[in-house]
Amino acid sequence: MMDEPQWKKTKLSLERPYKDDHGERIPVLLDITTEGKQTFEPPENPTTVLGENLRRIFLERGIDFFERQDNLASAGDGLVAQPRECSPMSDEDGEHTVADSTKLSMSPEELFKMRVEIMPQLFALFMWYLSVALGEMTQARDLLSFLLSSTAPNQASSVPALPSTALTATMVSRPPAIISVEAFNAQLTIGGKDEALRKAANVFKQAASRLERSRLNGDKYWIDALKIRKANWGLVPAPLPVWAPTGKGADRSARDFLTSFGLEGSPNLFRRNAIAHMSTHGTEANVLVFPHRQRTRLQVSLTITDSAGVSRTSHNTVTLPEATSLEASLAAAQREIVDEEIFFVLIREASNLPTASARVAERLIVIDADQGTELRFEMVPSGPQALSATCDLIHYSLQALLVGMHAAEKAKRATTTGSARPQSIATVPPRSELLQPIIDLLQYQQFCVRIKAELDKMASALKRAGVSCTLRFDTVGEAGQSLQNRLTTDSALRRVGGEALLRLDDRQTLRLTFLSPSSLTAHLPQATLPIASIPQLTQLLSDEVGKCLLHKLCESGNHYCERIGGTWFVDMVSGKAIGRWEGCIV
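- The protein appears in an unreviewed UniProt entry as Mediator of RNA polymerase II transcription subunit 17 from Paxillus rubicundulus Ve08.2h10.
- Taken directly from UniProt, the Subunit (unreviewed entry) text for the protein runs: "Component of the Mediator complex."
- Per UniProt, the protein carries the Sequence similarities (unreviewed entry) text "Belongs to the Mediator complex subunit 17 family."

If you want it as structure tokens, here you go:
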């Protein structure tokens, strides 16, 4: 058997407690006076109580009480039946005799005889007591009737007066109440009524304020709905809730509006998340409820490491605007859902980049766009303060590319007939519509930086040698409007280009053109050469600059040797300037 808990072992006595927790006797309270004084029962001495009880025994039962008790005890002992002793006789007689002892018990006949004698006496005694009680009750009734008839206010004069020895009535009036007690009772009554009235008034006041607040909320609800519709946001009736009745005769009217702020060509996943409903219990700061809003933005980080090993990291401008109005709330939520869709597309395209490597996590994409160039996309709640115009340009370009991708898909669906079914997703290779143009631009930027570095070294060397030269380097040769239009066209037409002009001694010009991401072409007087590497570019610059210097030497030699008939020319095979006059060769 398991032991019972301690609380089950608690025993409560049914007797009245006579001692307190400290073991002291608890006195019996008899009365409390009007002054508040308590009267307790005096303590009793056990010896005195015992003596009083014994005295009462002798007074009520008589002095010979104990003697009568002894006689009754001896008589009771004689009534106890004793066992009979049987003395057998001789077997010869064949008879048995029983020695009868004194009879100590009554036979049924004797008991019946005693009952017949006692019952009449008991009945007579009972009738006597009954007659006595009846007489007392009759006397009391007559007395009360006499008293009531004698105290009537319009009693007739013929009624005889009571004798002086008769019982008379005494008028007892109620004592006057204490003034302080009456005042206190009145204050209690007035206070209770006042509290009840105040509670009832508060109930009506709260109900009125609730009704007024409901009316104002209803007016504001429709005003906000009209504002949203006027701002050209999608506003449709909300579907019925799951628990709403849909049977015959049920009320199927909508109770709310849904606002859609996602892009039209977005997938269904983002269009379902880009939904807000108007709050029926909204305040000025929270009119719209966004059930799927995550409050995260796309952060674009660009880390560039130069040749000295110094890294510079910059970010785009990431802010979470405050919802100061309906339009601001919807615009902020739309920017967030667009960033989420862009990040989703970037994750899908990061694994199919042909010219870069990428590492993808749940909320982070790291791409090694070029040597010393790292591009990061991350969904963050707020952005740092190190801002960069390049990162902002990448962010806004991604938004424009996303819109262009949606427009292209819409046009494709519009031109596709019912019989011409699109190919399966498994057979169509995924194309990078958002990420690849950005990677191409970053690679093109670093490509232009390296080309410009080689041209700057050549220009500075010529200037140190005393040869005048000028360099004009245009990374992007298109206008801004043309670049904007190219974002919405086919991916093959989104390539940008530029050119570099190196003029030597204000005579010869070396022209280089480049196209994103890393195409370089040299336009020479005698040919057009594609350049595939930086050493090839360096060698081309050296050859062209050297050829230009040799022609300049030949011109100077012809100028100084004209009076002696000298001839200067350039040997293209040996790469030297040769001068001849009067049998001399230089």
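**Considering the nonpolar core**
Right, on to step 1. Counting residues in each nonpolar core, the largest one holds 48 residues, and the members touching the most others are Phe-261, Ile-367, Leu-375, Phe-377, Leu-398 and Leu-434.
Right, on to step 2. Among the secondary structure elements, those contributing two or more residues to this core are α4 (179-230), β5 (275-278), β7 (297-305), α6 (326-350), β10 (364-370), β11 (373-380), α7 (389-415) and α8 (435-464).
Right, on to step 3. At ten residues, α6 tops the list of elements feeding residues into this core.
Right, on to step 4. Counting residues domain by domain, this core receives three or more from each of domain 1 (293-411) and domain 2 (434-581).

**Concerning the sheet that holds strand β9 (residues 357-360)**
Right, on to step 1. Spatial ordering of the open sheet is given by β8-β7-β11-β10-β9, a layout of five strands whose pairing is antiparallel. The open sheet terminates on both sides in strands that have one partner only, identified here as β8 (311-315) and β9. For this sheet the average axis-to-axis angle between neighbouring strands, irrespective of direction, equals 15°.
Right, on to step 2. One ladder, built from four bridges, connects β9 with β10; its direction is antiparallel. From the neighbouring strand, Val-360 faces β10, where its bridge partner is Ile-365.
Right, on to step 3. In the packing of α7 onto the sheet, contacts are made with β7, β8 and β11, and the angle to β7 comes to roughly 135°.

**Notes on the confidence of the model for the protein**
Right, on to step 1. When pLDDT is averaged along the protein, the result is 77; 75% of the residues meet or exceed 70.
Right, on to step 2. Residue range residues 78-103 is modelled with pLDDT below 50. Its contacts to residues more than four positions away, or to other chains, number nine contacts.
Right, on to step 3. Across residues 419-430, confidence stays below pLDDT 50; counting only partners more than four residues off in sequence or on other chains, it has two contacts.

**Details of the side chain of His-406**
Right, on to step 1. Tracing the chain through its elements places His-406 in helix α7.
Right, on to step 2. On the accessibility criterion, His-406 (8% relative accessible area) is buried.
Right, on to step 3. Not counting chain neighbours up to four residues away, the residues in contact with His-406 comprise Leu-263, Gly-265, Ser-266 and Glu-341.

**Comments concerning the environment of Lys-552**
Right, on to step 1. By the secondary structure assignment, Lys-552 is in helix α10 (residues 534-560).
Right, on to step 2. By relative accessible area, Lys-552 is classed as partly exposed at 33%.
Right, on to step 3. Here the alpha-carbon distance between Lys-552 and Asp-505, two residues 47 residues apart in the chain, equals 8.8 Å.

**Things to note about the packing of aromatic side chains**
Right, on to step 1. In total, this model carries eight aromatic pairs according to the counting rule given.
Right, on to step 2. Aromatic side chains Phe-261 and Phe-290 sit 5.7 Å apart centroid to centroid with 70° between the ring planes, which places their arrangement in the edge-to-face category. Here the residue Phe-261 occupies a position in the loop between β4 (257-260) and α5 (268-273), and Phe-290 occupies one in the loop between β6 (288-289) and β7, the gap between them amounting to 29 residues. When sorted by exposure, Phe-261 lands in the same class as Phe-290, which is buried.
Right, on to step 3. Measuring from ring centre to ring centre gives 6.4 Å for Tyr-444 and Phe-514, while their planes differ by 50°; the resulting arrangement is tilted. Of the two residues, Tyr-444 sits in helix α8 while Phe-514 sits in strand β14 (residues 508-515), which places them 70 residues apart along the sequence. Across this residue pair, the class does not change: Tyr-444 and Phe-514 are buried.
Right, on to step 4. Grouped by ring-pair contacts, the aromatic residues Tyr-221, Trp-222 and Phe-257 constitute a single cluster.

What counts and how
- Residues numbered from 1 in each chain as written.
- Predicted model: local features only at pLDDT ≥ 70, side-chain atom pairs only at ≥ 80, totals over all residues.
- Heavy atoms only, no water.
- UniProt positions renumbered as here; feature names shortened; annotations may be inferred.
- Core = buried A, V, L, I, M, F, W, Y, C linked by side-chain atoms within 4.5 Å.
- Buried < 20%, exposed > 50% of the residue type's maximum accessible area, 1.4 Å probe, protein only.
- Helix = DSSP H or I, 4+ residues; strand = E, 2+ residues; numbered from the N terminus.
- Domains from an automatic or database assignment.
- Pairing = 2+ DSSP bridges.
- Axes fitted to C-alpha atoms, helices over the stretch in contact; angles between N-to-C directions.
- Contact = heavy atoms within 4.5 Å.
- pLDDT = per-residue confidence, 0-100.
- Phe/Tyr/Trp six-rings, centres within 6.5 Å; stacked < 30°, edge-to-face > 60°.

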